Amino acid sequence: MHNTEIRIRGYHLDLFGHVNNARYLEFLEEARWAIFDDKLNLEDLARGGFAFTVVNININYRHPAFLHDTLCIESRLSKVGSRSAVIRQTVINKKSAVPIADADVTFVMLDAKSQKAALLEGRLKETLLQTIGPESSLETG
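Please read all numbers here as calculations on a predicted model, not as lab measurements.

Taken together, the side chains of Glu29, Glu30, Asp37 and Asp38 present a region of like negative charge at the surface. Note on placement: glutamate 29 falls in helix H1 (residues 21–39).

Printed below as a string of structure tokens:
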């Protein structure tokens, strides 16, 4: 599992004084980029002919977040299929421990030559498992 913290600033808010729903997609993306910064070399993947590509996001908004809240985003691999995988991301208010949002982000490793989703097997699959780290109930298939 990987953790990323984000402090809520004024520009994250909408007219109602809470974080705009579209900002959560940015927060989730920031957390995924933090994984790359900390654990995965995207240049190595690119040299290997692969690109990390999000193909679907399903998000649930649970509770509003407000100015000066600190959000902790937990990211973990929850499913690995033959050509796609899912990262489960959970947003929690660090101070109150209240769940703010959660999302399942489905991605593929795009093969640059064929422009199709690569098979997630061998070294590529091991890299994902080591980098993102599965939760205890990881589904494979």
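Here we take up the nonpolar core. Nonpolar side chains in soluble globular proteins tend to end up buried together. The biggest cluster of nonpolar side chains holds 17 residues, and the ones touching the most others in it are Leu77, Phe107, Met109, Leu120 and Ile132. Contributing elements (two or more residues each) for this core: H1, strand E3 (70–80), strand E4 (84–93), strand E5 (99–111) and helix H3 (122–132).

Next up on the list: the packing of aromatic side chains. Summed over the entire model, instances satisfying the criterion amount to three aromatic pairs. Aromatic pair tyrosine 24 and phenylalanine 27: ring centres 5.7 Å apart, planes at 80°, arrangement edge-to-face. Taken together, the residues tyrosine 24 and phenylalanine 27, both in helix H1 and three residues apart, mark about one turn of the helix. The residues tyrosine 24 and phenylalanine 27 share a single accessibility class, namely buried. In this structure an aromatic cluster arises from ring pairing among Tyr24, Phe27 and Tyr61.

What counts as what
Residues numbered from 1 in each chain as written. Predicted model: local features only at pLDDT ≥ 70, side-chain atom pairs only at ≥ 80, totals over all residues. Heavy atoms only, no water. Patch = residues over 30% accessible without salt bridge, like charges linked within 9 Å, V, L, I, M, F, W, Y side chains within 5 Å. Areas by Shrake-Rupley, 256 points an atom, 1.4 Å probe, with all protein chains shown as cover. Salt bridge = Lys/Arg side-chain N within 4 Å of Asp/Glu carboxyl O. Lys, Arg positive; Asp, Glu negative; His and termini not counted. Charge placed at Lys NZ, Arg CZ, Asp CG, Glu CD. Helix = DSSP H or I, 4+ residues; strand = E, 2+ residues; numbered from the N terminus. Core = buried A, V, L, I, M, F, W, Y, C linked by side-chain atoms within 4.5 Å. Buried < 20%, exposed > 50% of the residue type's maximum accessible area, 1.4 Å probe, protein only. Phe/Tyr/Trp six-rings, centres within 6.5 Å; stacked < 30°, edge-to-face > 60°.

Just distances and angles here, no functional claims.
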